[in-house]
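Structural description and commentary
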Amino acid sequence: DEFQLVQYVMSIKGLQFLISGIGMTCYAAYTYYMCVHPGGRHTCDQFGPGASYPVVVSLVDWFGTCVLVWVAFAWLPCSVRSAGIRDPLEEQQEEEEA
């Protein structure tokens, strides 16, 4: 169904914004807060934002999401529209025939 494919693409992109955008911002803020200690000491070079998060995980997540969205987008021409605007005259004729 065309609606389901479009809904899937929109949901994935919205979820990508929430997880990769807002979620990673909160994670970075938390790791920065935890790496700064009282008295001006910090361990941000070892435990700060981006110091311990593997780049491979981010790349696999990003490319995986892009591939899923493009596959769904490629299926759109093959999908069937099962809902939409219907002609009221055809519906009236069908009701009269029945």
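Nothing here was measured: the structure is a model prediction, and the numbers come from that model. (Residues numbered from 1 in each chain as written. Predicted model: local features only at pLDDT ≥ 70, side-chain atom pairs only at ≥ 80, totals over all residues. Heavy atoms only, no water.)

**What to know about the confidence of the model for the protein chain**
Applied cut-off: For every residue, the pLDDT score states the predictor's confidence, bounded by 0 at the bottom and 100 at the top. Secondary structure counts use DSSP, requiring at least four H or I residues in a row for a helix and at least two E residues in a row for a strand, with both numbered from the N terminus.
Per-residue pLDDT for the protein chain has a mean of 83; in total, 91% of the residues score no lower than 70. Considering each helix and strand of the protein chain separately, the mean pLDDT is smallest for helix H4 (residues 88-97), with a value of 72, and largest for helix H3 (residues 55-75), with 88.

**As for the environment of Gln4**
What counts is decided by this rule: Note on exposure labels: buried denotes an accessible area under 20% of the residue type's maximum, exposed denotes more than 50%, and partly exposed covers the range between, all computed with a 1.4 Å probe on protein chains only.
In this structure, Gln4 sits in helix H1 (residues 2-35). Overall, Gln4 belongs to the exposed group, its relative accessible area being 54%. A C-alpha to C-alpha distance of 9.8 Å links Gln4 and Leu76, two positions 72 residues apart in sequence.

**What about a negative patch on the surface?**
Just so we agree on the cut-off: Without a salt bridge and with relative accessible area above 30%, a residue can belong to a patch; like charges are then joined within 9 Å and nonpolar side chains (Val, Leu, Ile, Met, Phe, Trp, Tyr) within 5 Å. A 1.4 Å probe and the Shrake-Rupley method give the accessible areas. Residues count as covered only by the protein chains that appear here. For this document, the term salt bridge refers to a Lys or Arg side-chain nitrogen within 4 Å of an Asp or Glu carboxyl oxygen. Think of it this way: Lys and Arg go in the positive column, Asp and Glu in the negative one, and His and the chain ends go nowhere. Think of each charge as sitting on NZ of Lys, CZ of Arg, CG of Asp or CD of Glu.
Side chains of Glu90, Glu94, Glu95, Glu96 and Glu97 sit close together on the surface and give a patch of like negative charge. If you trace the backbone, Glu90 turns up in helix H4.

**As for the state of the cysteines**
The cut-off we apply is this: Pairs of cysteine sulfur atoms within 2.5 Å are identified as disulfides in what follows.
Tallying each qualifying case throughout the model produces one disulfide. One disulfide in the model links Cys35 with Cys44; its S-S distance is 2.0 Å. When the S-S torsion is 65 degrees, as for the bridge of Cys35 with Cys44, the disulfide is right-handed. Cys44 carries the same exposure label as Cys35, and that label is buried.

**Points about H1**
Basically, it comes down to this: Residue count minus one, scaled by 1.5 Å, sets the expected span of a helix. Two axes enter the definition of the bend at a residue: one is fitted to the seven residues ending there, the other to the seven starting there, and the bend is the angle between them. What makes two residues a contact is simply this: any of their non-hydrogen atoms within 4.5 Å.
Compared with the 50 Å implied by 1.5 Å per residue over 34 residues, the 48 Å span of H1 between its first and last C-alpha is a close match. Most pronounced at Gly23, the bend in H1 amounts to some 30 degrees. Within the span of H1, buried status applies to Leu5, Val9, Ile12, Gln16, Thr31 and Cys35. Those residues of H1 that are buried are in contact with helix H2 (44-47) and H3.

**Overview of the side chain of Thr31**
Note on placement: Thr31 falls in helix H1. When its relative accessible area of 9% is taken as the criterion, Thr31 is described as buried. Among residues more than four places away in sequence, those in contact with Thr31 are Phe47, Gly48 and Pro49.

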